[in-house]
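Spelled out from the first residue to the last, the chains are:
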Amino acid sequence: MAQVPGPAALPVNPGASGPDEGGATDYEVNLKSLTQFELVWRKFRRHRLAMVGLGLLITMFAAAIVGPIFLPFTVDDIPDAATKAYEGLPPFCTNYLATSLPHTCASYGLTHPFGTTGGLQWDVFTLVLNGARTSLLIGFSSMAIGVVLGTIVGAIAGYIGGFLDNVLMRIVDVMLSLPLLFVILVVSRFFKDQRDNVWQIILIFGVFSWMGVSRLVRSLFLSIREREFVEAARAVGVRDRRIIFRHILPNALSPIVVAASLIVAGNIIGEAFISFLGFGVNPYTPTWGNILSNSLTYLLVGNWWWPAFPGLAIIVTVLAVNFVGDGLRDAFDPRTRA
Amino acid sequence: MTKYVIRRLLQAIPVVIGITIVTYALMLAAPGGPAQKFANNPRMTPAAKEKFLKAWGLREPIPVQYGRWMGLLNPDEDGIAAFLGPSGWPNFLPTGISGADNGILHGDFGYSIDSGEPVGSRIARAALPTVILAGFALFFWLLIAILMGVFAAIKRYSFFDQAATVFAYVGFAMPTFWLGLMLIFLFGVNLKWLPVSGMTETRLSPPFGSDAYWTYFGTTPLTALQDIGKHLILPVVTLVVVNIAGDSRFVRASMLETLGQDYVRTAKAKGLPNRVVYFRHALRNALLPVVTNIGLEIPFLFTGAIVTESIFSWPGIGKLTIDGIRNFDYTILMGVLMITSTIVVMANLLADIAYAFVDPRIKY
């Protein structure tokens, strides 16, 4: 079979060469070029840690969305008034021995896998699942805001250049010099509404997480806009907007996605911290930070499980996000092979 | 080289000016303003509030407020005359020439709205505990990160390398404050080995930094040092564990790159002992990028200590800031923001210059 010389850059998909039609010798080899997404996905699938991370993230999201619906009680009601003790029950314990001090567990069961909180005896598992909703929402939405803002600013600075570039980059310098944690704390204390404020926290974290992305996007635009294909596009009269969105941006996408994964991780931890200090989400909305914050008083009487599990949830989520980010970086890298 | 340093210094000036503007604008935009701390005080009449705002100069036009805070304008004069200091020279010049002593250009950050103490001395008082904590943390953090990175690179893919990788991943994902809480539980509450909060034992000594404390320190320095040392362990461990994660990976990557260089192979071929090859030939070169990285991280050690300090009630800058945020203490917050961000700018500058200085291959 004669090999038709195809464009060298196009990867040949070996499985996709179609059956001979009509039995005649067909000189056309079915060269199916893979889309960028397929290429990346093929490499990403081989990255074991990244797949584990992705699985964890999907599980987290699923649990956060549907979990609270199926749980036996919500965070608002007191599940078991009979076992009311000052201290919470340790993991898997169902009730304390009535007479012993310090308390020893009388019987074990699956009712409270993460134990219960001191005081109101809430189930920690329920709390963590409910917290996952808000924490994941904040982490990912604020990342979206930050990435969009950063891409716009970076694209303008890198593509237009000149005076505007200088001004924008000095603004980025200033913003990066400010201790952002301080500023976020100040802003969330001074500006936000004390009632339902999840979207305000999202906005605050979004507005303070675009600088890194904009620097990255600017540098990518600076190098890509000098490449031949952009020159060619300009030569045939393609408009600026189309060059930016159709020619340059797709080529800059991979580093942006990797940077986005770092932002998600940072913002989830950041939200937990400001909520922990009491300046974040309204304390009656469960987030991982709020759960940790509430657990403080009972840590001193020994209820370690109350702060331990929301913290582990944060670690697992951030680890998963980082794994996925690593996998994406390798998958996007044209030097690694699938 | 000199030209490069001067150029970088000049570039830093607009950034610092930008920082003052952002800091001021942030405080200006906050609803309620400095009078916010009286918002829930029933005894605060509108007249008293007006008096408060007048006394703090908050009824002046915004550019005037900013000018006075910066030290561009003389607060005792009005109109165009305000640009001149008491001695007749422009107000922004150093105190020796202009006779002016107001504004951050003259090192005056104003007075704390909450306590009335000068902001500068309040921050200076809080800086010592932060420097102690950050200094110890930095020392151990660098030591461990470099050793871990080097051994992971030398014994690549060994059990130690893989354990270090896992440690780095987990440490990177771990919230500082959560680690602090868990350490408090384990060593403070459960095992009762170490104190869980503060810098000194409050039952034994006066609060750290007060005059009474220094008298106490003078009489029994050993006990006092031992006391501080005990209180230091948990916060330092917290900072170190969280921070070495990223840095040890960085050192490892840099070391791996250096180990692949020709001069390392030459050194090995000459028959030098491994110890000399690794630590004299490879490590010195591998540490070059690390130096820059450290320069960029040191300021965040100070601001990052905010987390650790608030967990362990360490009486430093972080705690000062948190208290300032709680009490709507605008002047303190502006002072802290200004000082810390200027430190960041300076550290970036120094890192760049140091890098050019230690690596002769770089030409400017």
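Residues numbered from 1 in each chain as written. Chains lettered and ligands numbered in written order. Predicted model: local features only at pLDDT ≥ 70, side-chain atom pairs only at ≥ 80, totals over all residues. Heavy atoms only, no water.

### Overview of the overall build of chain A
Here is step 1 of the chain: Summing up its helical and strand segments, chain A has 11 helices and 2 strands in all.
Here is step 2 of the chain: Listed by position from the N terminus, the elements making up chain A come as α-α-β-β-α-α-α-α-α-α-α-α-α.
Here is step 3 of the chain: Here chain A, with 338 residues, has 49% of them falling under the buried criterion.
Here is step 4 of the chain: Taking contacts inside chain A between residues at least 6 apart in sequence as the whole, the part at least 24 apart equals 67%. (Helix = DSSP H or I, 4+ residues; strand = E, 2+ residues; numbered from the N terminus. Buried < 20%, exposed > 50% of the residue type's maximum accessible area, 1.4 Å probe, protein only. Contact = heavy atoms within 4.5 Å.)

### Re the confidence of the model for chain B
Here is step 1 of the chain: Here chain B averages 83 in pLDDT, while 98% of its residues score no lower than 70.
Here is step 2 of the chain: Confidence metrics for the complex model read pTM 0.83 and ipTM 0.82. (pLDDT = per-residue confidence, 0-100.)

### A word on the nonpolar core
The tendency in soluble globular proteins is for nonpolar side chains to be buried side by side.
Residues and elements named next belong to chain A.
Here is step 1 of the chain: With 146 residues, the main nonpolar core has Leu 185 and Trp 288 as its most contacted residues.
Here is step 2 of the chain: With 17 residues, helix H9 (residues 240–276) is the single largest residue contributor to this core.
Here is step 3 of the chain: If sequence neighbours within four positions are ignored, Trp 288 has contacts with Met 60, Val 128, Gly 131, Ala 132, Ser 135, Leu 136, Ile 268, Pro 310, Ala 313, Ile 314 and Thr 317. (Core = buried A, V, L, I, M, F, W, Y, C linked by side-chain atoms within 4.5 Å.)

### Quick look at the confidence of the model for chain A
Here is step 1 of the chain: For chain A, per-residue confidence averages 80 on the pLDDT scale, and residues scoring 70 or more make up 82% of the total.
Here is step 2 of the chain: Considering only residues more than four positions removed or in separate chains, one finds that residues 1–21 of chain A, a stretch of pLDDT under 50, has 21 contacts.

### Here's the deal with the interface of chain A and chain B
Here is step 1 of the chain: On the chain B side, the residues contacting the 40 residues of chain A number 42 residues.
Here is step 2 of the chain: The largest contributions to the chain A side of the interface with chain B come from Ser 177, Phe 182 and Phe 190 of chain A, which together make up 19% of the buried area.
Here is step 3 of the chain: Along the contact surface separating chain A from chain B lie 0 salt bridges.
Here is step 4 of the chain: In this structure, the connection of chain A to chain B is made through 5 residue pairs in polar contact (both at pLDDT 80 or more).
Here is step 5 of the chain: Here the element with the most residues in the side of chain A that touches chain B is helix H11 (residues 305–332) of chain A; it accounts for 11 residues.
Here is step 6 of the chain: Of the residues assigned to the side of chain A that touches chain B, the class counts are 32 nonpolar, 4 polar and 4 charged. (Buried area = accessible area lost by both parts, 1.4 Å probe. Salt bridge = Lys/Arg side-chain N within 4 Å of Asp/Glu carboxyl O. Polar contact = N/O pair within 3.5 Å; in protein donor to acceptor, adjacent residues only side chain to side chain. Nonpolar A, V, L, I, M, F, W, Y, C, P; charged D, E, K, R; others polar.)

### Description of the side chain of His 106 of chain B
Residue and element names in this part refer to chain B.
Here is step 1 of the chain: Relative to the helices and strands, His 106 is located in the loop between helix H4 (95–98) and helix H5 (119–154).
Here is step 2 of the chain: With relative accessibility at 15%, the residue His 106 sits in the buried group.
Here is step 3 of the chain: If we ignore the near neighbours within four places in the chain, the residues touching His 106 are Gly 71, Asn 91, Phe 92, Leu 93, Pro 94, Thr 95, Ser 98, Ala 100 and Asp 101.

### Considerations on the packing of helix H8 (residues 228–235) of chain A against H9 of chain A
Residues and elements named next belong to chain A.
Here is step 1 of the chain: Running from N to C, H8 and H9 cross one another at 175°; their axes reach a closest spacing of 11 Å. Taken as axis vectors, H8 and H9 run roughly antiparallel relative to one another. Contacts between H8 and H9 involve Phe 229, Val 230, Ala 233 and Arg 234 from the first element and Ile 243, His 247, Ile 248 and Asn 251 from the second. (Axes fitted to C-alpha atoms, helices over the stretch in contact; angles between N-to-C directions. Parallel < 35°, antiparallel > 145°, perpendicular 65-115°, else oblique.)

### What about the side chain of Asp 161 of chain B?
Residues and elements named next belong to chain B.
Here is step 1 of the chain: Within the secondary structure, Asp 161 is located in helix H6 (residues 159–173).
Here is step 2 of the chain: Taking the relative accessible area as the measure of exposure, Asp 161 reaches 2% and is therefore buried.
Here is step 3 of the chain: Polar contacts involving the side chain of Asp 161 include one to the main-chain amide nitrogen of Tyr 157, which spans 2.8 Å.
Here is step 4 of the chain: Excluding residues within four positions of it along the chain, Asp 161 makes contact with Ala 152, Lys 155, Arg 156, Arg 249 and Arg 252.

### Some details on the pattern of salt bridges
Residues and elements named next belong to chain A.
Here is step 1 of the chain: A complete count under the given rule lists 10 salt bridges over all chains for this structure.
Here is step 2 of the chain: Two residues, Asp 165 and Arg 218, come together in a salt bridge whose shortest N-O distance is 2.6 Å. Of this pair, Asp 165 sits in helix H4 (residues 162–177) while Arg 218 sits in helix H7 (residues 211–224); the two residues are 53 residues apart in sequence, bridging distant segments of the chain.
Here is step 3 of the chain: With relative accessibility at 10%, the residue Asp 165 sits in the buried group.
Here is step 4 of the chain: Taking the relative accessible area as the measure of exposure, Arg 218 reaches 22% and is therefore partly exposed.
Here is step 5 of the chain: If you follow the salt bridges from partner to partner, you end up with Arg 170, Asp 173 and Arg 215 in one network.

### Some thoughts on unusual backbone geometry
Residue and element names in this part refer to chain B.
Here is step 1 of the chain: Even without being a glycine, Lys 192 presents a positive backbone phi close to 55°.
Here is step 2 of the chain: Relative to the helices and strands, Lys 192 resides in the loop between helix H7 (176–190) and helix H8 (211–219).
Here is step 3 of the chain: The exposed category is assigned to Lys 192, whose relative accessible area is 65%.

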